[in-house]
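Listed below are the residues making up each chain.
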Amino acid sequence: YYAINSGVFWLSLLAYLNFLLVVIDLPRNRETPLYHIIKKTYLITPLYFVLRFPSFFFPAPYVATIKACGFIMDGYLFFIFGYLIYLLITSKDKDLKIYVFIGSILIVVFNVFTSITYFTQEYLFGLSRVSFIALGYFFDIIFFSLAIGWQMRENTKAKYLALAELSNKNLALEIEKKQ
């Protein structure tokens, strides 16, 4: 159960990392330094997985040290997501991305709580790490839905403005023809 839980957690973080890259519209060419960092993040997934299961892979005297290394990996992820969130908030199209920004901040906050549960015997504030993961994604889905709704509203406004402008032009042509 624990192995599946952590595997799903890590894979969901990688999927969310990809989602942030798409929203930020970061160029995916090999010259970008961030591209190299993101690729390395995908490559260290197996290492992170091993660090999250120290009792399965290491003798008991090393478990505390390995857990500390896992905490360092959590810091690395926190830095990567923090930088992507910074790029998100400093981008040009802030109206749409503010909802994604809030959802991303909530995911990071709940993932920090998840990381802390590795040191508190799997519970913090009476909630397990799975609860924190679920809450993070729940709130992110809410804010992502708000972003989609906002974008649909803006698209509809633009469509009706274009339609009104076209109607006004047609009306002006009709009036001009009658004169």
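Thresholds applied
- Residues numbered from 1 in each chain as written.
- Predicted model: local features only at pLDDT ≥ 70, side-chain atom pairs only at ≥ 80, totals over all residues.
- Heavy atoms only, no water.
- Helix = DSSP H or I, 4+ residues; strand = E, 2+ residues; numbered from the N terminus.
- Buried < 20%, exposed > 50% of the residue type's maximum accessible area, 1.4 Å probe, protein only.
- Contact = heavy atoms within 4.5 Å.
- Areas by Shrake-Rupley, 256 points an atom, 1.4 Å probe, with all protein chains shown as cover.
- Core = buried A, V, L, I, M, F, W, Y, C linked by side-chain atoms within 4.5 Å.
- Salt bridge = Lys/Arg side-chain N within 4 Å of Asp/Glu carboxyl O.
- Arc of directions from axis to C-beta.
- Patch = residues over 30% accessible without salt bridge, like charges linked within 9 Å, V, L, I, M, F, W, Y side chains within 5 Å.
- Expected span 1.5 Å × (residues − 1).
- pLDDT = per-residue confidence, 0-100.
- Phe/Tyr/Trp six-rings, centres within 6.5 Å; stacked < 30°, edge-to-face > 60°.

Chemist: Even after reading the chapter, I still don't get the overall build of the protein chain, so can you show me in this structure?
Modeler: The number of helices and strands found in the protein chain is 7 helices and 2 strands. Listing every helix and strand of the protein chain by position from the N terminus yields α-α-α-α-α-α-β-β-α. The buried share among the 179 residues of the protein chain stands at 36%. For the protein chain, the share of sequence-separated contacts (at least 6 apart) that also reach a separation of at least 24 residues comes to 66%. When the accessible surface of the protein chain is summed, it comes to about 11,400 Å², and 70% of that surface belongs to carbon and sulfur atoms.

Chemist: Would you mind going over the nonpolar core with me for this structure?
Modeler: A general trend in soluble globular proteins is that nonpolar side chains are found buried together. If you look at the biggest cluster of nonpolar residues, it comprises 29 residues, and the most contacted ones within it are Leu17, Leu20, Ile38, Phe81, Leu84 and Leu88. Residue assignment for this core shows that the elements contributing at least two residues are helix H1 (2-24), helix H2 (33-43), helix H3 (45-51), helix H5 (63-89), helix H6 (94-117) and helix H7 (129-178). Residues in contact with Leu17, not counting those within four places in the same chain, are Ile38, Thr41, Tyr42, Ile80, Phe81 and Leu84.

Chemist: Which parts of the structure should I look at to understand the pattern of salt bridges?
Modeler: Side-chain pairing between opposite charges can occur once the charged atoms of the two side chains come close. Summed over all chains, the structure comprises 3 salt bridges. Note that Glu154 and Arg153 form a salt bridge whose closest N and O atoms lie 3.0 Å from each other. Exposure remark for Glu154: the relative accessible area of 25% places this residue in the partly exposed category. One salt bridge in this structure joins Lys169 and Glu165, with 3.6 Å as the shortest N-O distance. A residue pair is termed a helical-turn pair when its members lie 3 or 4 positions apart in one helix, as Lys169 and Glu165 do in helix H7 at 4 residues. The partly exposed category is assigned to Lys169, whose relative accessible area is 48%. Residue class for Glu165 comes out partly exposed when judged on its relative accessible area of 47%.

Chemist: What is the right way to look at H2 in this model?
Modeler: All of the buried residues in H2 are Leu34, Tyr35, Ile38 and Thr41. Down the axis of H2, the buried side of the element spans an arc of 120°, and every buried residue falls inside it. Exposed residues lying more than 90 degrees from the buried face of H2 are Pro33, Lys40 and Leu43.

Chemist: Explain a nonpolar patch on the surface to me, please; I cannot follow it from the model alone.
Modeler: Together, Phe79, Tyr83 and Tyr86 make up an exposed nonpolar region whose accessible area comes to about 350 Å². With respect to the secondary-structure elements, Phe79 resides in helix H5.

Chemist: I tried to follow H7 on my own but got confused; where do I start?
Modeler: Residues lying three or four places apart along an α-helix face the same way, a consequence of the helix completing one turn every 3.6 residues. Over its 50 residues, H7 runs 73 Å from end to end, which matches the ideal 74 Å to within 8%, given 1.5 Å per residue. For H7, the complete set of buried residues consists of Arg129, Phe132, Ile133, Gly136, Tyr137, Asp140, Phe143, Ala147 and Trp150.

Chemist: I'm lost on the confidence of the model for the protein chain in this one. Help?
Modeler: Do not read the predicted coordinates in detail wherever pLDDT is low. A residue-level look at the protein chain finds 86% of positions with pLDDT of 70 or above and a mean pLDDT of 77. Highest mean pLDDT in the protein chain belongs to H7 (85); lowest belongs to helix H4 (residues 54-57) (68).

Chemist: Explanation requested: the packing of aromatic side chains in the structure shown.
Modeler: What describes a pair of aromatic rings is the distance from one ring centre to the other and the angle between the planes of the rings. Per the counting criterion, the structure on display carries 7 aromatic pairs. With a centroid separation of 6.4 Å and an interplanar angle of 35°, the aromatic rings of Phe110 and Phe132 are classed as tilted. A residue pair is termed long-range when its members are at least 10 positions apart, and Phe110 in helix H6 and Phe132 in helix H7 qualify at 22 residues. When sorted by exposure, Phe110 lands in the same class as Phe132, which is buried. Ring centres of Phe138 and Phe139 lie 5.4 Å apart, and the angle between their planes is 65°; this geometry places the pair in the edge-to-face category. Classification of Phe138 as partly exposed rests on a relative accessible area of 47%. Judged by its relative accessible area of 29%, Phe139 falls in the partly exposed class. Through a chain of ring-to-ring contacts, the aromatic side chains of Phe110, Phe113, Phe125, Phe132, Phe138 and Phe139 assemble into a single cluster.

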